[in-house]
Amino acid sequence: MKEDFLLAQLAARKEQHALRQLRLPAPGMVDFCSNDYLGLAKSMAMQEAVHNLLAARPFAHGSTGSRLLAGNYAWVEETESMLAAFHQSTAGLIYNSGYDANLGLFSAVPQKGDTIIYDALIHASIRDGIRLSKAQAFSFLHNDIMDLEKKLHNATGNIFVAVESVYSMDGDFAPLSAIASVCDRAGAHLIVDEAHATGVVGAKGEGLVQHLGLQTRCFARVHTFGKAVGCHGAVVLGSTHLRDYLINFSRSFIYTTALPPTAMAAIMASYDLFPYMQEARAHLAALIARFRKGVAALDTLPGETPIQVVLTPGNTATRELAVRLQEAGLDIRAILHPTVPKGKERLRIVLHSFNTEEEVDRCIAVLTKG
């Protein structure tokens, strides 16, 4: 079998020092890399809660089919009701992942003649959903309200504005209150991806939308469970009409095997735990402040979230600094072009509630060594 066309593309990536490879975490490394912000993915309390939930009712290891065929069951609908209640929404629909949720939402809802306006730094899953949509789409400059308003002037049909509450590669907040006001004036439907805010933003980790009291001004919200929630899956929150529509038209929901009951147990267990982890969130906030003070002289992006960014332009320079950090026992990965624009290569340093002050200080020392 001839695969020269594959080898040529891989060779080009190697020449750009941008070849992606899978790697296993080295034992004993300090986690400054994962999205497990509250440590729930490996938490013994989480494991015990999941075990207790599974022991309390009979369950299967598989769901045996899609939700529209054999894969629907009482527990998944109970979980959807719980999620809608916690996030102060009318209804919710669970997807197998955040990628599936965004792909299914954006590919199904906007129609030909409609307009999607999205932040320039929006996640790849939303971009892919937009590509599958028949609507026209425009990006606006990152977090730029004036540019959003400008792009709205060219919008036709039903208008959808897509943003993240916390941006995964920059770690900054969206100006959601201002964006909601712009959408209200334009009659646009606001869609917010809360992936990196769930669990860590708000008094109970409810996310930025609820923290700001904007839940009734959103057409849809996407909360994913693979970050601070410590498990797997996602939910699209909105009206009962939106839920019914997605069940009928969202291909990434219709044509996939449903998550099994073990996944529902993990979601429910986490939602029983993280709303009451105020001490963990307070410790995390203190570590963020400590880190920002320690790297104040470096070229960093502004942000008060667990995602902290040190800009290190150039793939080679970024890789070399990442290696030095890893040699110091710190699991920090280089984020390279083409994942981020050329010249914006960076170290994405993720802080967690289980990190210690000593670990943060060690990280600062390597970064500022010069």
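Residues numbered from 1 in each chain as written. Predicted model: local features only at pLDDT ≥ 70, side-chain atom pairs only at ≥ 80, totals over all residues. Heavy atoms only, no water.

Caption draft 1: View of the overall build of the chain. Counting secondary structure elements, the chain contains 14 helices and 12 strands. Relative to its length of 370 residues, the chain is compact, with a C-alpha radius of gyration of 21 Å against a globular reference of 21 Å. Overall, the C-alpha framework of the chain stretches about 55 × 55 × 55 Å when taken along its three principal axes. Expressed as a percentage of its 370 residues, the buried residues of the chain come to 52%. For the chain, restricting intrachain contacts to residue pairs at least 6 apart in sequence, the fraction spanning at least 24 positions comes to 71%. Accessible surface for the chain amounts to roughly 17300 Å². Of this, 56% is attributable to carbon and sulfur atoms. (Helix = DSSP H or I, 4+ residues; strand = E, 2+ residues; numbered from the N terminus. Rg over C-alpha atoms; globule rule 2.2 N^0.38 Å. Buried < 20%, exposed > 50% of the residue type's maximum accessible area, 1.4 Å probe, protein only. Contact = heavy atoms within 4.5 Å. Areas by Shrake-Rupley, 256 points an atom, 1.4 Å probe, with all protein chains shown as cover.)

Caption draft 2: Molecular detail of the pattern of salt bridges. The final tally for this structure, using the stated rule, is 13 salt bridges. Across the pair Glu80 and Arg67 runs a salt bridge, and its minimum N-O distance is 3.0 Å. Placement of the pair is Glu80 in helix H3 (residues 74-86) and Arg67 in the loop between helix H2 (44-55) and H3, with a sequence separation of 13 residues. Accessibility classification places Glu80 together with Arg67 in one group, the buried group. (Salt bridge = Lys/Arg side-chain N within 4 Å of Asp/Glu carboxyl O.)

Caption draft 3: Highlighting the sheet that holds strand E12 (residues 346-350). Taken in spatial order, the 3 strands make up an open sheet running E9-E12-E11, and their pairing is antiparallel. The open sheet has two edge strands with one neighbour each: strand E9 (307-311) and strand E11 (333-335). On average, each strand axis in the sheet is inclined to that of its neighbour by 35°, with strand direction left out of account. Sheet topology places E11 next to E12; 3 bridges connect them, and they run antiparallel. Of the residues in E12, the one forming a bridge with Arg333 is Arg348. Strand contacts of helix H13 (residues 315-327): E11 and E12, with the helix running at about 165° to E11, the strand carrying the most contacts. (Pairing = 2+ DSSP bridges. Axes fitted to C-alpha atoms, helices over the stretch in contact; angles between N-to-C directions.)

Caption draft 4: Up close: unusual backbone geometry. Following His337, the chain continues into Pro338 via a peptide bond in cis, with omega recorded as 20°. Position of Pro338 relative to the elements: it lies in the loop between E11 and E12. The phi dihedral of Gln88 falls on the positive side, at around 55°, and the residue is not glycine. For Gln88, a relative accessible area of 47% puts it in the partly exposed group.

Caption draft 5: Up close: the packing of aromatic side chains. This model, assessed by the stated rule, comprises 7 aromatic pairs. Relative to Phe274, the ring of Phe86 has its centre 5.8 Å away and its plane inclined at 85°; by these criteria the two rings are edge-to-face. Pair noted here: Phe86 is in helix H3 and Phe274 is in the loop between helix H11 (261-273) and helix H12 (278-294), with a separation of 188 residues, a long-range link. Assessed through its relative accessible area of 0%, Phe274 is described here as buried. Joined through ring pairs, the aromatic side chains of Phe86, Phe225, Tyr271 and Phe274 make up one cluster. (Phe/Tyr/Trp six-rings, centres within 6.5 Å; stacked < 30°, edge-to-face > 60°.)

Caption draft 6: Layout of the nonpolar core. In terms of nonpolar packing, the biggest core is built from 82 residues, with Val161, Phe291, Ile349 and Leu367 touching the most fellow members. Per-element tally for this core: the top contributor is H11, with 8 residues. Among residues more than four places away in sequence, those in contact with Leu367 are Phe291, Val295, Leu298, Val310, Leu321, Leu325, Leu347 and Ile349. With 24 residues, the next largest nonpolar core counts Leu93, Leu105, Phe160 and Val222 among its residues. (Core = buried A, V, L, I, M, F, W, Y, C linked by side-chain atoms within 4.5 Å.)

Caption draft 7: Geometry of the environment of Asn52. Note on placement: Asn52 falls in helix H2. Looking at Asn52, the relative accessible area reads 44%, which means it is partly exposed.

Caption draft 8: Representation of the pairing of strand E8 (residues 234-238) within the structure. A large share of E8 lies buried, amounting to 5 of its 5 residues. Of the two faces of E8, the one holding Ala234, Val236 and Gly238 and the one holding Val235 and Leu237 are both buried throughout. Relative to E8, strand E2 (residues 91-95) runs antiparallel, the two being bridged by 5 bridges. Bridge pairing links Ile94 to Val235 in E8. Pairing geometry for strand E7 (residues 220-224) and E8, over 4 bridges, is antiparallel. Each bridged residue has a counterpart across the sheet, and for Thr224 the counterpart in E8 is Ala234.

Caption draft 9: Representation of the sheet that holds E2. Ordered in space as E2-E8-E7-E6-E5-E3-E4, the 7 strands form an open sheet in which the pairing is mixed. The outermost strands of the open sheet, each flanked by one partner alone, are E2 and strand E4 (136-140). Across the sheet, the mean angle separating the axes of adjacent strands is 20° when strand polarity is ignored. On the sheet, helix H4 (residues 98-108) packs against E2, strand E5 (159-164), strand E6 (189-193), E7 and E8 and is oriented at approximately 160° with respect to E7. Packing of helix H5 (residues 124-132) onto the sheet brings it into contact with strand E3 (115-119), E4, E5 and E6, and relative to E3 it is tilted by some 160°.

Caption draft 10: Geometry of the pairing of E5. In terms of burial, E5 is largely enclosed, as 6 of its 6 residues are buried. Alternating residues of E5 divide into Ile159, Val161 and Val163 and Phe160, Ala162 and Glu164, and every residue in both groups is buried. Pairing of E3 with E5, which is carried by 4 bridges, proceeds in the parallel orientation. By the bridge assignment for E5, Ile117 is matched with Val161. Bridge analysis of E5 against E6 gives 5 bridges, and the strand direction is parallel.

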